[in-house]
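For reference, the chains in residue letters:
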Number of protein chains: 2
Amino acid sequence: MRLEAGGRFARGKLVAAADLAPFLEAVLRPGDRVCLEGDNQKQADVIAKALASVDPARVNGLHMVQSGVVLPEHLDLFESGVARRLDFSYAGPQSARIARMLFGGQIELGAIHTYLELFARYFIDLTPQVACIAAVSADRDGNLYTGPNTEDTPTIVEATSFGNGLVIVQVGEIVDRVPRVDIPADQVHFVVDAGKPFFVEPLFTRDPAAITETQILTAMLAIKGLYQPYGIRRLNHGIGFNTAAIELLLPTYGEKLGLRGKVCTHWALNPHPTLIPAIESGWVERIHCFGSEVGMEDYVRARPDIFFTGADGSLRSNRAFCQTAGLYACDAFIGSTLQIDLAGHSSTVTPSRIAGFGGAPNMGSDARGRRHPSEPWLRAGREADPDGPPALRRGRKLIIQIGESFGDGNVPMFVERLSALDLAERLDLDLAPVMVYGDDVTHIVTEEGIANLLLCRDADEREHAIRGVAGYTEVGRGRDRALVERLRERKVIQRPEDLGIDPLDADRAMLAAHSIKDLMRASDGLYRPPSRFRNW
Amino acid sequence: MRLEAGGRFARGKLVAAADLAPFLEAVLRPGDRVCLEGDNQKQADVIAKALASVDPARVNGLHMVQSGVVLPEHLDLFESGVARRLDFSYAGPQSARIARMLFGGQIELGAIHTYLELFARYFIDLTPQVACIAAVSADRDGNLYTGPNTEDTPTIVEATSFGNGLVIVQVGEIVDRVPRVDIPADQVHFVVDAGKPFFVEPLFTRDPAAITETQILTAMLAIKGLYQPYGIRRLNHGIGFNTAAIELLLPTYGEKLGLRGKVCTHWALNPHPTLIPAIESGWVERIHCFGSEVGMEDYVRARPDIFFTGADGSLRSNRAFCQTAGLYACDAFIGSTLQIDLAGHSSTVTPSRIAGFGGAPNMGSDARGRRHPSEPWLRAGREADPDGPPALRRGRKLIIQIGESFGDGNVPMFVERLSALDLAERLDLDLAPVMVYGDDVTHIVTEEGIANLLLCRDADEREHAIRGVAGYTEVGRGRDRALVERLRERKVIQRPEDLGIDPLDADRAMLAAHSIKDLMRASDGLYRPPSRFRNW
């Protein structure tokens, strides 16, 4: 029925861009579950614009089930009544507006998910009736090339197309033969030639010039105090300058510590430009990517030994598999956050912004279904439960929060109460949007040192381990100095000097690259940064 | 290099079956990581046979990374020295021989994984250099049709092909046009026409005639004591007669309780024939499948509203996505086990058999990365932590172990010490192969009643909740009767009579089908059971 209704606007599978709005009015029914592809990077922007222009008298009350609420049109849909209910994962640039609309009751919230969790529901109770996706190109049969930003597309298409739904794709161009087939034609129902590439955001580029010495200090602490003793080889880094600093210290500070080949060899990671120096100096064996990064295309193409690339030479990212890899095949996750409370719960929610979860809670949780041992994982398990019976004692995933005690705008990272709780009250949510729960966090790294929460034996010790690295924030000043010193004797807290690190050594000279230009040079000119990062 | 070496045996991508052994000798190098596709159902059996016949002087020390060790050839490889190291998930029919070979040191064990966990490692540190897979058919370009038993294939191919490795496929036939493209040709390097279908095992067919009244009683307890009060809509059933009994009681006992539409609507499940009566009486909205089941092809084809099917009409199973769905989108897992100890740890290991994990530990673990609430999940969380701060209190996945206190051969299910511990000692394993850990199990159901471990407040209560449903086993007889009664008053233990269930009502007449023939009838003749199940 939908297929026939849509077919009236199509020649074969091809729908003209000018007919997109009436076509959508023909195939959509009120209340449909719809996935409008969009995550933190790529967007089906042309279809989004068309959907925002349909007549709400004909198409209304849609239930949007999609990774990202990123484009203004994603929220315009709810203002016009075309959409009513929302299940999503991430709302970066729209986090303030989505908060206002939720407070105002314009959006009926299903839930905020992690990416992998939302994908899981696509196969159970949130299967889209219609998916609007984005690809680089299509051939005349409808075979799709999604290119380096493959990301969520295969997962959305598999759930929708095999789940009795309709798949509509916007492509940048129609070609005789696609460079490789990322999505076979028989899974695709309609193709729209958008005449231009889909929108994609460079989200993982951190300019080395902006890394501070405090961030370098926290990176040194992480490398010497955690990566080295645990021997962390398989890991995921979150976004941010603290982890970018770690990446840029591997070929210098890490090399001096003799860690090449012993840590950071296998990654679940986007193609971070700041990892280029480590890759080029032989630190990295393998990287699997959630998505791509604008400007990294040619560099990735030149390193099929490191990155997952296709027969055409370009990256094949896959968010679902990379999230699974981060969950089950990595021993450590390290990321920054906005707030950490006294129990170690962390959140990126502020009273007026709902950024969503993305992938962090999936990476930042202990994978209790894991059954294969590894040294870092077993050691963490022993620290948490030294008296447990060895063969029945599980390991623990290392989940590390890293940041400065005072973050952007001098706002303290440590708080008595998470803003997420206020949000939960205001929206009457069953769950406060906590990014990483305190019982999953194993370490907190700040410029004051490392708190090892695995070694804490009760809630009081845990609280003081946190206060003990909270610097001059109110939480930090509320510490019981004697208890903190006792924790330090037990190595629950380790100061820079306890690890033989002189904060004065935390110098920008140690970074393997000092600028975007240096990263280009390290890539032998293959990394081509987007213009916004070119300040020369 | 491998591609060129193999190309000498190929016309285009086509390698003659007779050349398979020398071809494999040409493309494989000593020590290669190799995935020989095989899980609990489908097998790349023709390639397995050829690989077992290669010259160990040329090909040796392979590191096998594969879901299933199921065919004799899988282990022959280790006897001849062609393979040395093994990372796997499941070893059903080979469980005794693999144990002997591990004891004898003929196999160097990497680890025993869950399926999803092994897939995860394919993208991080266990990427195959060569994958030998199985498909129904290929066209002349190498596009593959995997048919209903798609299972692990897309995941293995994605990791191997994009991971710079070689993909070799055995197909049942070469056709002009495949019914649908499950794997695009540009991900496939070599195709072998095996001239016959790959081996596939019907593993999920339970004959209703073999279901006992005790199993019916435990099924009634599960439905009335768990499915109803928690309102479990999204779930996974393990294999076994206890859960088959639940499936066959839904249209009768479940209907009487008024539960249609309120429980068991969305499933992560193989196409169990015993679910046909429930599907046909309108209980089920959606099922996503790990694999297929021999005989269910036409029935599944007739219900694209329920099952995930392709443009060709046949099932698209996908083990990776279904495991993810079971992990993150289901509120409950229920399965049987061989042994449960006093802490609630369960295992299917016996002293002389290593069956592996399959998917159960992934289903049977609390998904701590989950962030979307649901009623069953929140209720379980409240029961576990009634005093916790609501918005910071996570829910819990319901993980239910069901069985009779004395299992097959009158062997007690409850034990003081798991055989898995003896195995761990004998093989010097870091981890005993525990299927579901005690801290993840929420309920145990036996003919004596339901133990709700969420309501236990310490290890002693937990032990006695378990003893309290352990019947006349030694563990059961070791109970403190007074403590068990107190637990019963608090509903930690519920007897059949506490739930208004009369064990005498547990009658085979209640089953919606009494035989395989009844299941065929319920399917309107579309279910075609394999001959071994036809006793008429």
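Look up a bit, the structure's there.
First, a word on scope: everything that follows refers to the structure included in this document. Keep in mind that this is a model prediction, so the values were computed, not measured. Each chain has its residues counted from 1, running along the sequence as written. Key to labels: chains lettered from A, ligands numbered from 1, both in the order written. Residue-level local features of this predicted model are given only where pLDDT is at least 70; pairs of side-chain atoms are given and counted only at 80 or more, and the full residue set underlies all totals for whole chains, interfaces and linings. Each side-chain value is worked out from all heavy atoms of the structure, with water and hydrogens disregarded.

A closer look at the relation of the copies chain B and chain A
A rotation about some axis, followed by a shift along it, carries one copy of the chain onto the other.
Phase 1 of the analysis: Under the fitted operation, chain B is carried onto chain A by 0.0 Å of movement along the axis and a turn of 180°, and the coordinates agree to an RMSD of 0.0 Å. Such a turn and shift between the copies fits a two-fold axis. When C-alpha positions in chain B are compared against the rotation axis, the closest is assigned to Pro 184 of chain B, at 3.3 Å.
Phase 2 of the analysis: Every residue pair with non-hydrogen atoms within 4.5 Å of one another is taken to be in contact. Interface residue correspondence from chain B to chain A reaches 100%, placing this contact among same-surface, isologous pairings. Superposing the copies works by least squares over the C-alpha atoms of residues that have pLDDT at least 70 in both of them.

A look at helix α16 (residues 459–467) of chain B
Phase 1 of the analysis: Burial classes: relative accessible area under 20% of the type maximum marks a residue as buried, over 50% as exposed, and values in between as partly exposed (1.4 Å probe, protein chains only). Put simply, DSSP H or I for four residues or longer makes a helix, DSSP E for two residues or longer makes a strand, and each gets a number counted from the N terminus. For α16 of chain B, every residue scored as buried is listed here: Glu 461, Arg 462, His 464, Ala 465, Ile 466 and Arg 467 of chain B.
Phase 2 of the analysis: Regarding α16 of chain B, its N-cap is Asp 458 of chain B, as a side-chain oxygen of that residue lies 3.1 Å from the backbone nitrogen of Asp 460 of chain B further along. Under the rule applied, a polar contact is a pair of N or O atoms within 3.5 Å (in protein, one hydrogen donor and one hydrogen acceptor; residues adjacent in sequence only if both atoms are side-chain atoms).

Quick word on the sheet that holds strand β16 (residues 332–335) of chain A
Residue and element names in this part refer to chain A.
Phase 1 of the analysis: Following DSSP output, two strands are said to pair if at least two bridges run between them. The 8 strands lie next to each other as β15-β14-β13-β16-β19-β20-β21-β22, forming an open sheet whose pairing is mixed. Only two strands of the sheet have a single neighbouring strand rather than two, namely β15 (286–288) and β22 (493–494).
Phase 2 of the analysis: Bridge count between β16 and strand β19 (residues 398–402): 4 bridges; the pairing is parallel. Residue pairing for β19: Phe 333 is matched across the bridge by Ile 399.

Remarks on the sheet that holds strand β20 (residues 443–446) of chain B
Across a sheet, paired strands are connected by hydrogen bonds in the backbone, their directions being either parallel or antiparallel.
All names here are of chain B.
Phase 1 of the analysis: Sheet architecture is open: 8 strands sit in the order β15-β14-β13-β16-β19-β20-β21-β22, paired in mixed fashion. Of all the strands in the sheet, the pair left with one neighbour each is β15 (286–288) and β22 (493–494).
Phase 2 of the analysis: Convention adopted: a line fitted to C-alpha atoms gives each axis, helices being fitted over their contacting stretch, and angles between N-to-C directions are expressed from 0 to 180 degrees. Of the strands in this sheet, β13 (234–237), β16 (332–335), β19 (398–402), β20 and β21 (449–452) touch helix α8 (residues 213–230), which is tilted by about 150° from β20.

Comments concerning a negative patch on the surface
Phase 1 of the analysis: A cluster of acidic residues, Glu 213, Asp 502, Asp 505 and Asp 507 of chain A, forms a negative patch at the surface.
Phase 2 of the analysis: Asp 507 of chain A sits in the partly exposed class, given a relative accessible area of 34%. Exposure above 30% relative accessible area and no salt bridge define the residues that can form patches, which grow by joining like charges within 9 Å and nonpolar side chains of Val, Leu, Ile, Met, Phe, Trp and Tyr within 5 Å. Accessible areas in this description were obtained via Shrake-Rupley with a 1.4 Å probe; residue shielding takes into account the shown protein chains only. Think of a salt bridge as a Lys or Arg side-chain nitrogen and an Asp or Glu carboxyl oxygen that are within 4 Å of each other. In this tally, Lys and Arg are treated as positive and Asp and Glu as negative; His is ignored, and so are the chain termini. By convention, the charge on Lys lies at NZ, on Arg at CZ, on Asp at CG and on Glu at CD.

A look at the interface of chain B and chain A
How big an interface is tends to be stated in terms of accessible area lost as the parts join.
Phase 1 of the analysis: Counting from both sides, the interface comprises 79 residues of chain B and, opposite them, 79 residues of chain A.
Phase 2 of the analysis: Note on definitions: buried area is the accessible-area loss of two parts on being combined, 1.4 Å probe, summed for both. Where chain B abuts chain A, roughly 6,600 Å² becomes buried across the two surfaces, and 62% of that area is made up of carbon and sulfur atoms.
Phase 3 of the analysis: Counting every contact that joins chain B to chain A gives 12 salt bridges.
Phase 4 of the analysis: Of the charged contacts in the structure, one is a salt bridge between Arg 234 of chain B and Asp 125 of chain A, with a shortest N-O distance of 3.1 Å.
Phase 5 of the analysis: Top element by residues in the side of chain B that touches chain A is helix α12 (residues 319–328) of chain B. It accounts for 6 residues.
Phase 6 of the analysis: Lys, Arg, Asp and Glu make up the charged group, whereas Ala, Val, Leu, Ile, Met, Phe, Trp, Tyr, Cys and Pro make up the nonpolar group; the residues left over, Gly among them, are polar. Of the residues assigned to the side of chain B that touches chain A, the class counts are 41 nonpolar, 19 polar and 19 charged.

Concerning the state of the cysteines
Phase 1 of the analysis: When two cysteine sulfur atoms lie within 2.5 Å, the pair is treated as a disulfide. Using the criterion set out here, one finds 0 disulfides over all chains in the structure.
Phase 2 of the analysis: With no disulfide of its own, Cys 35 of chain A lies 7.8 Å from the sulfur of Cys 132 of chain A, the closest cysteine sulfur.

Observations regarding unusual backbone geometry
Phase 1 of the analysis: With a phi close to 50°, Glu 151 of chain A is a non-glycine residue in the positive phi region.
Phase 2 of the analysis: Tracing the sequence through the fold places Glu 151 of chain A in the loop between β9 (144–145) and α7 (153–162).
Phase 3 of the analysis: Unlike most non-glycine residues, Lys 491 of chain B shows phi in positive territory, near 65°.
Phase 4 of the analysis: Turning to its location among the elements, Lys 491 of chain B is positioned in the loop between α18 (481–489) and β22.

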